Amino acid sequence: SVLTDMPRQFPKLSLSEVDENVRRLAEKVYASAIREEDTKDALSLFTVAEDCPIGVQEAKERELQREMAELHSEETAKRKKSFKLIRSQSMSLQIPVNPDWAMSVISPILSPASTSASIPDNAPEYQRVTISGDHCAGITVEDYEQAAKSLLKALYIREKYSKLAYHRFPRTTAQYLRGAENEKWSEEEEVLPDIIPCPRNGEDPYSMKDIPENLNYELQMKDGIINVYDNAEAMRLHQPRSLPYPDLETFAIDLSHVLAMIADGPTKTYCHRRLNFLASKFNLHEMLNEMASFCFLILNFQVDTHIHAAACMNQKHLLKFIQSTYKNESDRVVVEKGGRKMTLKEVFDEIHMDPYDLTVDSLDVHAGRQTFHRFDKFNSKYNPVGASELREIYLKTDNYINGEYFARLVKEVAHELEESKYQHAEPRLSIYGRSQDEWHNLAKWFIKQKVYSPNMRWIIQVPRIYDIFKSRNIVQNFAKMLENIFLPLFEATVNPQKHKDLHLFLKYVTGFDSVDDESKHSDHMFSYKSPKPEDWILDINPPYSYYLFYMYANIMVLNNLRKERGLNTFMFRPHCGEAGSITHLVSAFLTADNISHGLNLKKSPVLQYLYYLAQIPIAMSPLSNNSLFLEYSKNPLREFLHKGLCVSLSTDDPLQFHYTKEALMEEYAIAAQLWKLSTCDVCEIARNSVLQSGLSHQEKKHFIGANYLKEGPEGNDIRRTNVAQIRMAYRYETLCNELSFLVDAVKSEAIVSQAE
């Protein structure tokens, strides 16, 4: 569907509009993050408390004294009075028809001024946890209002970036943001990604029919972002088409606002207390409603939201495949080394290995204790028996045999998914940015090897390895790498007739991922002063935030161009928060539709609370983390789930981390056993995986219910999701309650200022 409200523009900011204090705080967070990474050593493997107990005690006492002083001030009394007035109006004006039910729901009722949402009449009956008394016990009114303003500002910023890129933004949060502006939210405002459903049975997935015509637009990279021009004359006059082109300065300013929040004491205190409350409230809710929200664990539909194609099979599968090819095709020429063509038998002879003597253990692809905090050792696990030749032959798309063995392996995995009926996967394929031919080679591989499966949707991962390409003189600057990654996509969008293979392949691609070891950090501190990609001729790798911005910027412009043409759009779904600085999670808060890992949200209550309020999906892989960065028992997945963050389970790399051919079931089974997850918890995670995935709107309606976009129990089809309506009502009402606190704080401040 072609959008009617074009042109869309990226609202730009200048440095003069930024508070000096905000900039200073943001730089402080960055500097401390870099310092923290510089001082990491072997001791960092052992977690110790960050603050000494005496310091914590003294800080608490000082805070208590300040609170007591403020309790008696007239200003505080006036503000509390106005806030209580707003809360009482909220309750009196929105009490539903049924008075019994009204009394039980009185806590999460919303402010009429703050939102158009209301609790539906058909909400399920269950025992609700309500809190009465002082609205902000434990923090001062000023701190509370400051925290509320900061959090709302961050949500406005995320909403802006999400809508411009056709990423999702939750309805409930959007309704409250409109309410804070005294406006009414409408469904027409909602922006969703455009994803093409799988071809129906009998339809040819490789059909080249109905390919759109050439638009004859001109394309040129400017400041690291592909610009689109109507014709050569417009390009000469520097008049690009009216699409939203982001700029680095505005992004750096928006990033600074959120970074400053992380370092802001009152906001940290408020978020920490709310998160503790959410955890305690869930425990009480579960205890009170355990029997009522019981559900049977049937075969729920699940999506493996984070899996790498090169490791999508298990060890035994790969071993059997290697032995099978050696038995049947040992005389086949499979590789060319130094001008010499070698058969499969010659390759094995050269590495002094007989495939029949190979075992799962000697294959040596499984990650274990030796890979913990050693990403370099983990990467070498992609080489079966430590031989890079075997990785080249079996796990690459672009090799002497045109990726045939890899395609056969992937198709065997896909066949198992199709047989199981209740599982989908979203494998990652790599585009490196070495040359523009990569895209055409990948598309050719996909079509020639017939890799399409109705149970797989593809994501393109871009490794952050500019420094390697620069050191080998493959690219001269960072802009060239970006051009190699994105220009072929723009060309295939403008003129699909000339790039038919790529146009077809892109139908089955739903998003982009940014991958590499996050614990490696750049010596460059990202800011509005960072050089443009054309000027990045340094040998060092750009920082994580720099990579994310330029990937997001090009995806956003590309999505707007594709939306104009009625083509499918892409989501940005980077690896984020697995290790490294928490500033990575701030960059993703602005630019990503959803993220993979998110472990470091544990370290920042502000970011964790923001990811909750914005319901940003997080694909978590506890078995992967257990081998690389974090012991299983310390993984925050259970804690995140219970607080209400949108988490799903994923496998990451079955080849390295799993033992059975049902890798995703292995993840679910271990999580359920170790953390004693209820059947309702497991079903909720499975439902989240479908919501988070790149499945089309039609497919999601089929798998989790026709009304899945609606919030709360209304959007839940229990026959398909098996998630109890009580759980859905609890999640919805709790989120409404948290958002209403923010909006009502801003309203009460406005009332006080008007009275003065």
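Scroll up to find the structure.
Residues numbered from 1 in each chain as written. Predicted model: local features only at pLDDT ≥ 70, side-chain atom pairs only at ≥ 80, totals over all residues. Heavy atoms only, no water.

Student: Please clarify how the overall build of the protein chain should be interpreted in this entry.
Tutor: Within the protein chain, the secondary structure is distributed over 30 helices and 13 strands. Across the 756 residues of the protein chain, 59% fall into the buried class. For the protein chain, the share of sequence-separated contacts (at least 6 apart) that also reach a separation of at least 24 residues comes to 75%. Of the roughly 31,600 Å² that the protein chain leaves accessible, carbon and sulfur atoms contribute 52%. (Helix = DSSP H or I, 4+ residues; strand = E, 2+ residues; numbered from the N terminus. Buried < 20%, exposed > 50% of the residue type's maximum accessible area, 1.4 Å probe, protein only. Contact = heavy atoms within 4.5 Å. Areas by Shrake-Rupley, 256 points an atom, 1.4 Å probe, with all protein chains shown as cover.)

Student: Could you clarify how one ought to interpret the side chain of Asn635 in this entry?
Tutor: Mapped onto the secondary structure, Asn635 falls in the loop between α23 (622-628) and α24 (637-643). At 3.1 Å, the side chain of Asn635 forms a polar contact with the side chain of Asn625. When near neighbours in sequence (up to four residues on either side) are disregarded, Asn635 contacts Leu599, Met620, Pro622, Asn625, Leu630 and Trp675. (Polar contact = N/O pair within 3.5 Å; in protein donor to acceptor, adjacent residues only side chain to side chain.)

Student: Whenever I open this one, the pattern of salt bridges confuses me. Can you help?
Tutor: When their charged atoms lie close together, side chains carrying opposite charge are able to pair. For the structure on display, the rule yields 37 salt bridges. Close ionic contact of Asp717 with Arg720 constitutes a salt bridge, the shortest N to O distance being 3.2 Å. In the salt-bridge network here, residues are joined through shared partners; they are Glu159, Lys163, Arg178, Glu181 and Glu189. (Salt bridge = Lys/Arg side-chain N within 4 Å of Asp/Glu carboxyl O.)

Student: Just to check I follow, could you spell out the packing of aromatic side chains for this structure?
Tutor: To describe a pair of aromatic rings, you give the distance between the ring centres and the angle between the ring planes. Inspection of the entire model under this criterion finds 32 aromatic pairs. Centre to centre, the rings of Tyr144 and Tyr270 are 5.7 Å apart; their planes meet at 40°, and the pair counts as tilted. Here Tyr144 is found in helix α5 (residues 141-164), whereas its partner Tyr270 is found in helix α9 (residues 265-289), with 126 residues between them in sequence. Across the pair, Tyr270 and Tyr144 agree in class, each one buried. Aromatic side chains Phe486 and Phe512 sit 5.9 Å apart centroid to centroid with 40° between the ring planes, which places their arrangement in the tilted category. (Phe/Tyr/Trp six-rings, centres within 6.5 Å; stacked < 30°, edge-to-face > 60°.)

Student: I tried to follow helix α16 (residues 437-448) on my own but got confused; where do I start?
Tutor: Within an α-helix, residues lying three or four positions from one another point in the same direction, as the helix has 3.6 residues per turn. Compared with the 16 Å implied by 1.5 Å per residue over twelve residues, the 16 Å span of α16 between its first and last C-alpha is a close match. Three or more residues of α16 are buried, namely Glu438, Trp439, Leu442, Ala443, Trp445, Phe446 and Ile447. Contacts from the buried residues of α16 go to α15 (404-420), β6 (423-430), β7 (458-463), α18 (478-494), α19 (500-506) and β8 (509-515). (Expected span 1.5 Å × (residues − 1).)

Student: Would you take a moment to explain helix α6 (residues 171-180) for this structure?
Tutor: Counted residue by residue, α6 has nine buried out of ten residues, so it is predominantly covered. Taken residue by residue, α6 has Arg171, Thr172, Thr173, Ala174, Gln175, Tyr176, Leu177, Arg178 and Gly179 as its buried positions. Following α6 by one or two positions, Asn182 adopts a phi angle in the positive range, close to 60°.

Student: In this structure, what is going on with the environment of Ile474? I would like to understand it.
Tutor: The topology assignment puts Ile474 in the loop between α17 (466-471) and α18. Along the chain, Ile474 and Arg434 lie 40 residues apart, while their C-alpha atoms are 6.5 Å from each other. Ignoring sequence-local partners within four residues, the contact set of Ile474 consists of Arg434 and Phe469.

Student: What should I look at first to understand the sheet that holds strand β13 (residues 647-649) in this one?
Tutor: Two orientations exist for strands paired in a sheet by backbone hydrogen bonds: parallel and antiparallel. Spatial strand order, β10-β11-β12-β13: four strands in an open sheet with parallel pairing. This sheet does not close on itself; its edge strands, each paired only once, are β10 (575-576) and β13. (Pairing = 2+ DSSP bridges.)

Student: Can you help me understand the pairing of β8 in this one?
Tutor: In regular strands, side chains alternate between the two faces of the sheet. A large share of β8 lies buried, amounting to seven of its seven residues. Of the pairings in the sheet, the one linking β8 to strand β9 (residues 571-572) comprises two bridges and is parallel in character. Within the sheet, the bridge partner assigned to Phe512 lies in β9 and is Phe572. In this view, the connection linking β8 to its parallel neighbour β9 by way of helix α20 (residues 544-565) has right-handed handedness. (Right-handed = clockwise from strand over helix to strand, strands pointing away.)

Student: Whenever I open this one, the pairing of β7 confuses me. Can you help?
Tutor: Of all six residues that make up β7, six are buried, and the element is covered over most of its length. Across three bridges, the pairing between β6 and β7 is parallel. Bridge pairing in β7 links Leu429 to Ile460. In this structure, β7 lies alongside β8, joined through six bridges in parallel fashion. When the sheet's bridge partners are listed, Ile459 is paired in β8 with Gly511.

Student: How should I be thinking about the sheet that holds β6 in this particular structure?
Tutor: Spatial strand order, β3-β6-β7-β8-β9: five strands in an open sheet with parallel pairing. Of all the strands in the sheet, just β3 (302-308) and β9 have a single pairing partner and so form its edges.

Student: So what exactly am I meant to see when it comes to unusual backbone geometry here?
Tutor: Generally, phi is negative for residues other than glycine and the peptide bonds are trans, each holding for most cases. Despite not being glycine, Asn402 has its phi angle at roughly 55°, a positive value. One can find Asn402 in the loop between α14 (388-394) and α15. Even without a glycine there, the phi angle at Lys421 is positive, about 70°. Tracing the backbone shows Lys421 in the loop between α15 and β6.

Student: How should the packing of helix α8 (residues 248-262) against helix α21 (residues 583-591) be read in this particular structure?
Tutor: When two helices pack together, you describe them by how their axes are tilted relative to each other and by the distance separating the axes. The N-to-C vectors of α8 and α21 enclose an angle of 125°; their axes lie 10 Å apart at closest approach. The angle between α8 and α21 falls in the class oblique. The element α8 and its partner α21 pack so that their crossing is right-handed. Along the contact surface, α8 presents Phe251, Asp254, Leu255, Val258, Leu259 and Ile262, while α21 presents Thr583, Val586, Ser587, Phe589, Leu590 and Thr591. When its residues are assigned to classes, the contact of α8 with α21 shows eight nonpolar, three polar and one charged. (Axes fitted to C-alpha atoms, helices over the stretch in contact; angles between N-to-C directions. Parallel < 35°, antiparallel > 145°, perpendicular 65-115°, else oblique. Left-handed = near helix turned anticlockwise from the far one by under 90°. Nonpolar A, V, L, I, M, F, W, Y, C, P; charged D, E, K, R; others polar.)

Student: Would you mind showing me how to read a nonpolar patch on the surface here?
Tutor: There is a patch of nonpolar side chains on the surface, built from Leu284, Met287 and Leu288 and spanning about 280 Å² of accessible area. Examined against the element boundaries, Met287 turns out to sit in helix α9. Its relative accessible area of 58% is what places Met287 among the exposed residues. (Patch = residues over 30% accessible without salt bridge, like charges linked within 9 Å, V, L, I, M, F, W, Y side chains within 5 Å.)

Student: When you look at the side chain of Asn399 in this model, what are you seeing that I'm missing?
Tutor: Take Asn399: it is sitting in the loop between α14 and α15. In this structure the side chain of Asn399 is engaged in a polar contact, spanning 2.6 Å, whose partner is the backbone nitrogen of Gly403. The residues contacting Asn399, other than those within four sequence positions of it, are Glu392 and Ile393.

Student: Even after reading the chapter, I still don't get a negative patch on the surface, so can you show me in this structure?
Tutor: On the surface, a cluster of negative charge is contributed by Glu412, Glu416, Glu418, Glu419 and Glu662. Structurally, Glu419 is set in helix α15. (Lys, Arg positive; Asp, Glu negative; His and termini not counted. Charge placed at Lys NZ, Arg CZ, Asp CG, Glu CD.)

Student: Would you take a moment to explain the environment of Val451 for this structure?
Tutor: Along the chain, the position of Val451 falls in the loop between α16 and β7. Along the primary structure Val451 and Phe406 are separated by 45 residues, whereas in three dimensions their C-alpha atoms are 9.9 Å apart. Those residues within four positions of Val451 in sequence are excluded, and the remaining contacts are Tyr206, Ala407, Val410, Lys411, Trp445, Phe446 and Trp458.

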